[in-house]
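# Breakdown of the fold
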Amino acid sequence: MQLRNIAIIAHVDHGKTTLVDKILHQANVFRENQESGELIMDNNDLERERGITIFSKNAAVMYKGVKINVIDTPGHSDFGGEVERVLKMADGVILLVDAFEGPMPQTRFVLQKALQLNLKPIVVINKVDKPNCRPDEVHDSVFELFFNLDATEEQLNFPTFYGSGKNGWFNNSLTPSEDITPLLDGILEFVPEPKVAEGPLQLQVTSLDYSSFLGRIAVGKVTRGEIKEGQQIVLLQADGTALKSKVKELYVFESLGKKRTDKVVAGDICAVVGLETFNIGDTIADAENPEALPVISVDEPTMSMMFSINNSPFFGKDGKFVTSRHLRDRLMKETEKNLAMRVEDTDSADSFLVYGRGILHLGVLVETMRREGYELTVGQPQVIVKQIDGQKMEPYENLVVDVPADFSGKVIDLVTQRKGELLVMESKGEMQHLEFEIPSRGLIGLRSQMLTNTAGEAVMAHRFIDYKPWKGNIPGRNNGVLISKNQDRATAYSIDKLMDRGSFFIEPGDEIYIGQIIGEHVKPGDLVVNVTEGKKLTNMRASGSDDATRIAPKIQMTLEECMEYIQPDECIEVTPKNIRLRKTLLNEEDRKKYQKMMSNS
Ligand SMILES: Nc1nc2c(ncn2[C@@H]2O[C@H](COP(=O)(O)OP(=O)(O)OP(=O)(O)O)[C@@H](O)[C@H]2O)c(=O)[nH]1
Ligand SMILES: [Mg+2]
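The sections below set out a description of the structure shown in this document.

### Remarks on helix H17 (residues 588-600)
Between its terminal C-alpha atoms H17 stretches 18 Å, which fits the 18 Å expected from 13 residues at 1.5 Å a residue. Regarding H17, its N-cap is Asn587, as a side-chain oxygen of that residue lies 2.7 Å from the backbone nitrogen of Glu589 further along.

Here it is in structure tokens:
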């Protein structure tokens, strides 16, 4: 059987999953009644809600008698390590680039990884249906990017397709075609058949799947020999351990799912069930002649965040899992499949330090846990600072901002205040394209201020570059917060009276507690306020009253926005039903004492 293995890579939102869906459609994977309109491949709840891919996924289609294994990858930079790993299953990549935005920071990162692995690239300039798009210019900048990444002559000779995943066509020119056949033909023509070596079985586990029936499933490409159901194998681990094991069940990918099979030969991607303990990067090898493939490096975490039990007065109201034991077990379990995540015990039995790749990486874990019924408290995310050769170093990132020219001055001011340095400024259509280098610390909380300062027009993206010398103090949040003085229900009457003091995160009828952060102060410095005076109306009735009609709607922040908002003395209470901001020390006297102590020391 002929075979092609291809990974779809791009910056976030450039249309990878939409393209994979079109490939599946074209190959008639769906019966008529299965058309849902939603992206089939983003099948996890959080993915659907956020409209982003979090986990890479395998699918496979038959086209003109050739089996094409397609790997959809996440575009957000927090998940870049995952992309790097799954590229090991591919022999070619489709590099999608938005015909308006052009190459973005993550485009560069994923392309670099693909070129290093010597994968055959096909460039697809996507979204040519967008008004003001500039496909030719974008093609030139992609070529420039290849060149800057030291692509070989052959790689520079990449084929280019144009089209619109949304409108369902891709062609080798800007002329719209019927469908995506030209691109599928391109995959058969340009992507090489998998290279296979002669010798006994070798399969490196590059990703992990989980089924409640079958347990943990190892996924990878057979690079040498063949693997059979029932076969005795040896699992070679990163630390040199060799474990004897047996292949219980074997699957290959077929359309959206897997199909059981008794044998897989070199070149194909498969899923192996029955290995008790394995990690990503392990080699499944022949029992007689076990030989390991090179170890896959795992990305170092760049950010940490404290996870503690919920100790707010509302503790245990919504959640099923609330003890430190529950929390610890769940976090430890996460590290088994979430490679870039690490968990450390702390001096307190109720708190754990969790290390990850960024706000989204950590946020997705917290969000998943609350859906599973956990209650917890998380603190301010901190970037990981290192001592390298006796020097204090911190992570730096490349920040790209595209913004209407009128706002570019404001953006530059904002980023400069946060110790960013402007490196590139050029026009891109009617937009101004700005590139900065900025300590990761400076990025925390930047997005919301950027949107406020640019009337929501700025498009920004960033990507880790390297550790560089510590850049000194970076100012935190400008404004103080409004803190509740009482525990009760908030009233429309009190909120209305305090409207000139700030904007609220709560609304009449919400139950609040002492020390909870209920709004943002208009000025620097915190303010303790009473918002529970007056008639205790329920939410429903209050909304009809006079006071309530004057009240501005509450500001609703997502979990990640909360994570970027809080300061070191604040934390977030997360339960299945609520996300509340609070002071770590709920009592005002305690906070004053603590501040005094800190200023004396
Ligand atoms: N105008 C236009 N929009 C498109 C096109 N293809 C995809 N989109 C839209 O772009 C958005 C992102 O598409 P996805 O396919 O989810 O992008 P992705 O690259 O998989 O995103 P991540 O997995 O989060 O990195 C969605 O709103 C799509 O509807 C296109 O050809 N034209
Ligand atoms: Mg996607």
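### Side note on the site of ligand 1
Close to ligand 1 lie 18 residues, the nearest being Lys16, Thr17, Thr18, Thr53 and Asp129. Measuring from an oxygen atom of ligand 1, one finds a side-chain N or O atom of Asn126 at 3.3 Å. When isolated, ligand 1 has an accessible area of 650 Å², and the protein chains bury 83% of it. Counting residues per element, the shell around ligand 1 draws most heavily on helix H1 (residues 16-26), which supplies three residues. Taken together, the residues of the shell around ligand 1 break down into three nonpolar, nine polar and six charged.

### A word on helix H5 (residues 135-148)
With 14 residues, H5 ought to run about 20 Å at 1.5 Å a step, and its terminal C-alpha atoms sit 20 Å apart, in line with that. For H5, the complete set of buried residues consists of Pro135, Val138, Val142, Leu145 and Phe146. Taken around the axis of H5, the buried residues stretch over an arc of 100°, which confines them to a single face. Considering only its buried residues, H5 is in contact with strand S4 (92-98), helix H4 (105-116), strand S5 (120-126), helix H6 (153-156) and strand S6 (160-164). Directly after H5, the chain includes Asp150, whose backbone phi takes a positive value near 60°.

### Some details on the sheet that holds strand S7 (residues 169-171)
Read from one edge to the other, the open sheet built from seven strands follows the order S2-S3-S1-S4-S5-S6-S7, with strand pairing classed as mixed. The sheet is open, and its two borders are formed by strand S2 (57-63) and S7, each paired with just one other strand. The average undirected angle you get between the axes of adjacent strands in this sheet is 25°. Relative to S6, S5 runs parallel, the two being bridged by three bridges. Bridging across to S6, Val124 finds its partner in Phe161. Packing of H4 onto the sheet brings it into contact with strand S1 (2-9), S4 and S5, and relative to S4 it is tilted by some 165°.

### Notes on the sheet that holds strand S14 (residues 257-260)
In space, the eight strands of this open sheet follow the order S12-S11-S17-S8-S9-S16-S13-S14, with antiparallel pairing throughout. Unpaired on one side and paired on the other, strand S12 (242-246) and S14 mark the two borders of the sheet. Taking the axes of each pair of neighbouring strands and ignoring which way they run, one obtains an average angle of 40° across the sheet.

### Points about the coordination of the magnesium ion (ligand 2)
Surrounding the magnesium ion (ligand 2) are the protein donor atoms Thr17 (OG1) and Thr53 (OG1), which sit 2.0 Å from the metal. Remark: Thr53 occurs in the loop between helix H2 (45-50) and S2 and Thr17 occurs in helix H1; sequence separation between them is 36 residues. Take Thr17 and Thr53: they sit in the same class, and that class is buried.

### A look at a negative patch on the surface
Together, Asp136, Asp140, Glu144 and Glu426 make up a region of like negative charge exposed at the surface. With respect to the secondary-structure elements, Glu144 resides in helix H5.

### Notes on the packing of helix H10 (residues 408-417) against helix H12 (residues 446-453)
Helices that pack against each other are described as a pair by the angle of their axes relative to one another and the distance between those axes. Two elements in contact, H10 and H12, have axes separated by 10 Å at closest approach and are oriented at 155°. The angle between H10 and H12 falls in the class roughly antiparallel. Note on packing geometry: the crossing formed by H10 with H12 is right-handed. Contacts between H10 and H12 involve Lys410, Val411, Leu414 and Val415 from the former and Leu446, Gln449, Met450 and Asn453 from the latter.

### Topic: the pairing of S5
Within S5, seven of the seven residues are buried, leaving the element largely enclosed by the surrounding structure. Here S5 shows no split at all, with Lys120, Ile122, Val124 and Asn126 on one side and Pro121, Val123 and Ile125 on the other all buried. At this point the chain moves from S4, through H4, to the parallel S5, and the crossover so formed is right-handed.

### Focus: the environment of Glu193
By the secondary structure assignment, Glu193 is in the loop between helix H7 (181-190) and strand S8 (202-211). Considered as a pair, Glu193 and Leu293 are 100 residues apart in the sequence and their alpha carbons are 20 Å apart. The contacts of Glu193, once residues within four sequence positions are left out, are Gln2, Leu3 and Arg4.

### Here's the deal with the side chain of Gln567
Along the polypeptide, Gln567 turns up in the loop between helix H16 (559-565) and strand S34 (570-574). At 3.4 Å, the side chain of Gln567 and the backbone oxygen of Tyr565 are in polar contact. Once you skip the residues sitting within four places of it in the chain, Gln567 turns out to touch Gln380, Gly476 and Arg477.

### Some thoughts on the pattern of salt bridges
Under the definition given, this model contains 38 salt bridges. Lys317 is paired through a salt bridge with Glu511; the nearest N and O atoms lie 3.9 Å apart. With Lys317 in the loop between strand S18 (303-308) and helix H8 (324-337) and Glu511 in strand S31 (residues 511-512), the pair connects residues that are 194 residues apart, well separated along the chain. Using a relative accessible area of 37% as the deciding quantity, one classes Glu511 as partly exposed.

### Here we look at the packing of aromatic side chains
A ring pair, where both rings are aromatic, is described by two values, the distance of the centres and the angle of the planes. The full count for this structure, using the stated rule, is six aromatic pairs. Taking 6.3 Å as the distance between ring centres and 45° as the angle between the ring planes, the aromatic pair formed by Phe143 and Phe158 counts as tilted. Here Phe143, found in helix H5, pairs with Phe158, found in the loop between H6 and S6; they are 15 residues apart in sequence, far enough to count as distant. Accessibility expressed as a relative area gives 37% for Phe143, which makes it partly exposed. Owing to a relative accessible area of 8%, Phe158 belongs among the buried residues under this scheme. The interplanar angle of 70° and the centroid separation of 6.1 Å between the aromatic rings of Phe464 and Tyr467 together place this pair among those described as edge-to-face. Accessibility expressed as a relative area gives 11% for Tyr467, which makes it buried. Cluster of aromatic residues (ring-pair linked, three or more members): Phe143, Phe146 and Phe158. Positioned above the aromatic ring of Phe314 is the side chain of Lys317, whose terminal nitrogen or guanidinium carbon lies 4.3 Å from the ring centre. The residue whose ring lies beneath Arg477 is Tyr565, and the NZ or CZ to ring-centre distance is 4.5 Å.

Thresholds, definitions, all that
Residues numbered from 1 in each chain as written. Chains lettered and ligands numbered in written order. Predicted model: local features only at pLDDT ≥ 70, side-chain atom pairs only at ≥ 80, totals over all residues. Heavy atoms only, no water. Helix = DSSP H or I, 4+ residues; strand = E, 2+ residues; numbered from the N terminus. Expected span 1.5 Å × (residues − 1). Polar contact = N/O pair within 3.5 Å; in protein donor to acceptor, adjacent residues only side chain to side chain. Near = heavy atom within 4 Å. Areas by Shrake-Rupley, 256 points an atom, 1.4 Å probe, with all protein chains shown as cover. Nonpolar A, V, L, I, M, F, W, Y, C, P; charged D, E, K, R; others polar. Buried < 20%, exposed > 50% of the residue type's maximum accessible area, 1.4 Å probe, protein only. Arc of directions from axis to C-beta. Contact = heavy atoms within 4.5 Å. Pairing = 2+ DSSP bridges. Axes fitted to C-alpha atoms, helices over the stretch in contact; angles between N-to-C directions. Donors = N, O, S within 2.8 Å, 3.2 Å for Na, K, Ca; no water. Patch = residues over 30% accessible without salt bridge, like charges linked within 9 Å, V, L, I, M, F, W, Y side chains within 5 Å. Salt bridge = Lys/Arg side-chain N within 4 Å of Asp/Glu carboxyl O. Lys, Arg positive; Asp, Glu negative; His and termini not counted. Charge placed at Lys NZ, Arg CZ, Asp CG, Glu CD. Parallel < 35°, antiparallel > 145°, perpendicular 65-115°, else oblique. Left-handed = near helix turned anticlockwise from the far one by under 90°. Right-handed = clockwise from strand over helix to strand, strands pointing away. Phe/Tyr/Trp six-rings, centres within 6.5 Å; stacked < 30°, edge-to-face > 60°. Lys NZ or Arg CZ within 6 Å of the ring centre and 35° of its normal.

Such coordinate-based values are descriptive only and should not be taken to indicate function.
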